[in-house]
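# Residue-level structural notes
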Amino acid sequence: MSQVRVRFAPSPTGLLHIGGVRTALFNWLFARQQNGVFVLRIEDTDQSRSTEESIQAIIEGMKWVGLDWDEGPFRQTERMDLYRSHAMQLLAKGQAYWCACKAEELDARRKEAEAKGLSPKYDGRCRDRGITNPTGDAALRFKAPQEGETVVDDLIKGRIVFDNTVQDDLIILRSNGYPTYNFSVVIDDALMNITHVVRGDDHLTNTPRQIPIFQALGFSVPQFGHLPMILGSDKTRLSKRHGATSIMAYKEMGYLPEAMVNYLVRLGWSHGDQELFTRQELIEKFSWKNVQTSPAVFNPEKLLWINAEYIKVSPPAQIAQALRPLLEAAGCTEETRAISTGQLAQLVVLVKERAKTLMEMVDWVRPYLGQVVTFDEEAAKKFLTPAIAPTLGKLLACFEAFPAFSKEQWEEAFKQLVKEEGMKMGQLAQPVRVALTGRTASPGLFEVMEALGRDRTLFRLGQGIERACRA
RNA sequence: GUCCCCAUCGUCUAGCCUGGCCUAGGACAUUGCCCUUUCAAGGCAGUAACACGGGUUCAAAUCCCGUUGGGGACACCA
């Protein structure tokens, strides 16, 4: 069998959305598993809607999720001669014809047919007119088969039969000379030797339109596979109404690319009960057989859970690196630049179990940057009271007596003091927590002290006592 | 309207092809408990589904037909 060649062919009419990423991902996994080739092709034949920014957004998104392509990015607008010459071939063979109907006329006729409850398909009035010297605004139509059936043996859905009598004579070359989608995909998929065309379910009904074009041109027909759609919580097709759909929006919200990939692949594909996969496992275990046939609702809560799982197990230094720009963007520019990645990684270890996104992590890490603590007013008011000040003072004196920080020693001393004062652990722990972090919630107290170091711990404790006395 | 696809807990899904092991398993979310210096994390337990109706069969979530419901496509968009 020849080498597997698959492609991802987005149209650059907006940002790269998660549905597109999932389609790309399935293609990519299959290519990598089969030692095949993954092609990136930009379908920009609609000059009125395609933009350069969108092309950049697609490339940026693909890179972020780590879906590297082997060939391309090809742009259809750079391949116009190919489409035109093949269209002319069809014309010469009598499998295409010029159509002089005006777009507005066609529109009107379609509406009329619909109003009468008839099929809105082209009535074929130019089919046998034999126009040989078309005026500048004629379009070229493909002579679609009008009888028999077209069978698609779908990789995911199995055998699907379409009745050719409902097929339309599609326009393949617009009056402006640009090819239409259904024609340019066929030419490109054929010329690029694509072996498996895997795309969204919304293309399923395009398949019986495209197969006859492959055949008319004498190309071998690739295998097709149609992925179920991603739906929003209301079970309609996922769109902006449902929240963020652009892949880069998830980056900005603090999601990890590996988490996105893991979530997206599980949306429509499964391997028994397994939820978490390394990329290597995905490549090994992926199979069309286990791709779901029905659409899936996008569930942000599960994505959040997966992201949290990835934050917990990813190398801390890697998280630290990704965190840096977000920290700076959050206004901690100086503190962030002052800290080494190694030190930042230690903070990541400190808080990684409580942050589900990098954005949340920014907030968790903040109290450990800089010398001074920023008090949460409510927390300070509640726990840093004059009543507790003397005990905090004793604790400070006790800690100061230790020349160096030692988690075990300091914890021992802390517990000793709690006992002497006849308090409960929490009665002293909370005020100390507020003194050290400014907040009522934090990692374990002694981990916090370790992260802060002896000097800052003592400094902040002193700060807390001052605040308590003032209150 | 026509054509096509789809249908298991709220959600993602296992099981369906090759009927019995399914009084339907896992995960997210949710509820309760445990752990505990706070917040998490973790552990344990619970609530919760085969859309409906007919067949076929000794036996159906699994096979067949229909109904209903959802989605998609019917452009000189992709």
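Higher on the page you've got the structure.
Here goes a summary of the coordinates provided. No experiment lies behind these values; they were computed from the predicted model shown. All residue numbers here refer to positions counted from 1 along the written sequence of the relevant chain. Following the order in which they are written, the chains are lettered starting with A and the ligands numbered starting with 1. The model is predicted, so local features are restricted to residues of pLDDT at least 70 and side-chain atom pairs to those at 80 or more, both for listing and for counting; the totals for chains, interfaces and linings are taken over all residues. Note: side-chain values were computed over all heavy atoms of the structure, leaving out hydrogens and water.

## Regarding the sheet that holds strand β8 (residues 171-173)
- Ordered by their spatial adjacency, 3 strands build an open sheet running β4-β5-β8, and the pairing between neighbours is antiparallel. Two strands in the sheet have a free side with no partner beyond their single neighbour: β4 (96-99) and β8. Averaged over neighbouring strand pairs, the angle between their axes works out to 45° when direction is ignored.
- Bridge analysis of strand β5 (residues 139-142) against β8 gives 2 bridges, and the strand direction is antiparallel. By the bridge assignment for β8, Leu140 is matched with Leu173. Following DSSP output, two strands are said to pair if at least two bridges run between them. Where helices and strands are cited, they refer to DSSP runs of H or I of at least four residues and of E of at least two residues respectively, numbered from the N terminus. What counts as an axis is a line fitted to C-alpha atoms, over the stretch in contact for a helix, and the angles between N-to-C directions run from 0 to 180 degrees.

## A short note on the layout of surface pockets
- Cavity and pocket criteria rest on a 1 Å grid covering protein atoms alone: a 1.4 Å probe that fits but cannot get out defines a cavity, protein on both sides within 12 Å along at least 5 of 7 lines defines an open pocket, and an atom within 4 Å of a point defines a lining residue. Grid points are joined across faces, edges and corners, and a volume is the space filled by probe spheres set on the points. Of the volumes computed, that of the largest pocket is approximately 1200 Å³.
- Forming the boundary of the largest pocket are 43 residues, of which Ser11, His17, Asp202, His203 and Arg237 lie nearest the centre.
- If you list the elements that add at least two residues to the lining of the largest pocket, you get β1 (5-8), α1 (18-33), α5 (181-191) and β9 (196-200).
- Broken down by element, the residue count for the lining of the largest pocket peaks at 5 residues, all from α1.
- Across the lining of the largest pocket, the residue classes break down as 16 nonpolar, 16 polar and 11 charged.
- The volume enclosed by the second largest pocket comes to roughly 590 Å³.
- As for the second largest pocket, its lining consists of 25 residues, of which Leu106, Arg110, Tyr122, Arg141 and Ile171 are closest to the centre.
- Mapped onto the lining of the second largest pocket, the elements with two or more residues apiece are α4 (103-115) and β5.
- When residues of the lining of the second largest pocket are assigned to their parent elements, the largest contribution, 7 residues, is made by α4.
- For the lining of the second largest pocket, the residue count by class is 10 nonpolar, 3 polar and 12 charged. Each residue is assigned to one of three groups, with Ala, Val, Leu, Ile, Met, Phe, Trp, Tyr, Cys and Pro labelled nonpolar, Asp, Glu, Lys and Arg labelled charged, and all others, Gly among them, labelled polar.

## Observations regarding the protein's contact with RNA strand B
- In the vicinity of RNA strand B there are 65 residues, among which Lys157, Arg174, Arg354, Arg433 and Ser442 approach most closely.
- When the atoms of RNA strand B within 4 Å of the protein are grouped by moiety, sugar and phosphate amount to 72% of the total.
- Each polar contact in these results corresponds to two N or O atoms within 3.5 Å; when the atoms are within protein, one needs to be able to donate a hydrogen and the other to accept it, and residues that are neighboring in sequence are counted only if both atoms are side-chain atoms. Take Asp46: an N or O atom from its side chain is 2.7 Å from a sugar or linking oxygen of RNA strand B.
- Elements represented by at least two residues in the surface near RNA strand B include exactly α4, β7 (158-163), α5, β12 (296-297), α10 (300-313), α18 (425-437) and α19 (445-470).
- In the surface near RNA strand B, the residues fall into 21 nonpolar, 21 polar and 23 charged. Residue proximity to a molecule or strand is established when one non-hydrogen atom of the residue lies within 4 Å of it.

## Describing helix α3 (residues 80-92)
- Each helix should span, by expectation, one fewer than its residue count multiplied by 1.5 Å. With 13 residues, α3 should cover 18 Å at 1.5 Å per step; its first-to-last C-alpha distance of 18 Å lies within 8% of that length.
- Of the residues making up α3, those classed as buried are Met80, Tyr83, His86, Ala87 and Leu90. Angular distribution of buried residues about the axis of α3 spans 140°; they occupy a single face of the element. With respect to the buried face of α3, the exposed residues turned more than 90 degrees away are Asp81 and Ala92. For every residue, the accessible area (1.4 Å probe, protein chains only) is compared with the maximum for its type, and the residue is labelled buried under 20%, exposed over 50%, or partly exposed between those bounds. Note: the arc covers the axis-to-C-beta directions of the helix.

## A look at the packing of aromatic side chains
- The criterion for an aromatic pair is that two Phe, Tyr or Trp rings (for Trp, the six-membered ring) have centres within 6.5 Å, with stacked assigned to planes under 30 degrees apart, edge-to-face to planes over 60 apart and tilted to the rest. Under the defined criterion, the tally for this structure stands at 13 aromatic pairs.
- Between the aromatic rings of Tyr263 and Phe298, the centroid separation amounts to 5.4 Å while the plane-to-plane angle is 90°, which identifies the pairing as edge-to-face. Linking Tyr263 in helix α8 (residues 257-266) with Phe298 in the loop between β12 and α10, this pair joins segments that are 35 residues apart in sequence.
- Given a relative accessible area of 3%, Tyr263 falls into the buried group.
- Ring plane angle 25° and centroid distance 6.0 Å describe the contact between Phe402 and Trp410, whose orientation is recorded as stacked.
- The class of Phe402 is buried, set by a relative accessible area of 19%.
- A residue is classified by how much of its surface remains accessible, and Trp410, at 0% relative accessible area, is buried.
- One aromatic cluster in this structure is built from Phe26, Phe30, Trp269, Phe277, Phe286 and Trp288.

## A short note on the packing of helix α11 (residues 316-329) against helix α14 (residues 358-365)
- Contact pair α11 / α14: the axes reach a minimum separation of 10 Å and the direction vectors enclose 80°. Here α11 is positioned roughly perpendicular relative to α14, judged by the angle of their axes. Here Ile319, Ala322, Leu323, Leu326 and Leu327 of α11 lie close against α14, whose contacting residues are Leu358, Met359, Met361, Val362 and Val365.
- Here the residues of the contact of α11 with α14 are counted per class, giving 10 nonpolar, no polar and no charged. Oblique is the label for every angle not falling under 35 degrees (roughly parallel), over 145 degrees (roughly antiparallel), or within 65 to 115 degrees (roughly perpendicular). Here, residues are in contact when the closest pair of their heavy atoms is within 4.5 Å.

## Quick word on the pattern of salt bridges
- When a carboxyl oxygen of Asp or Glu lies within 4 Å of a side-chain nitrogen of Lys or Arg, that pair is called a salt bridge. For the coordinates displayed, the defined rule picks out 33 salt bridges.
- As a salt-bridge pair, Arg109 and Asp123 come within 3.1 Å of each other at their nearest N and O atoms. With Arg109 in helix α4 and Asp123 in the loop between α4 and β5, this residue pair connects regions lying 14 residues apart in the sequence.
- By relative accessible area, Arg109 is classed as buried at 19%.
- Arg241 is the salt-bridge partner of Asp234, the closest N and O atoms lying 3.5 Å from each other.
- What makes Asp234 partly exposed here is its relative accessible area of 38%.

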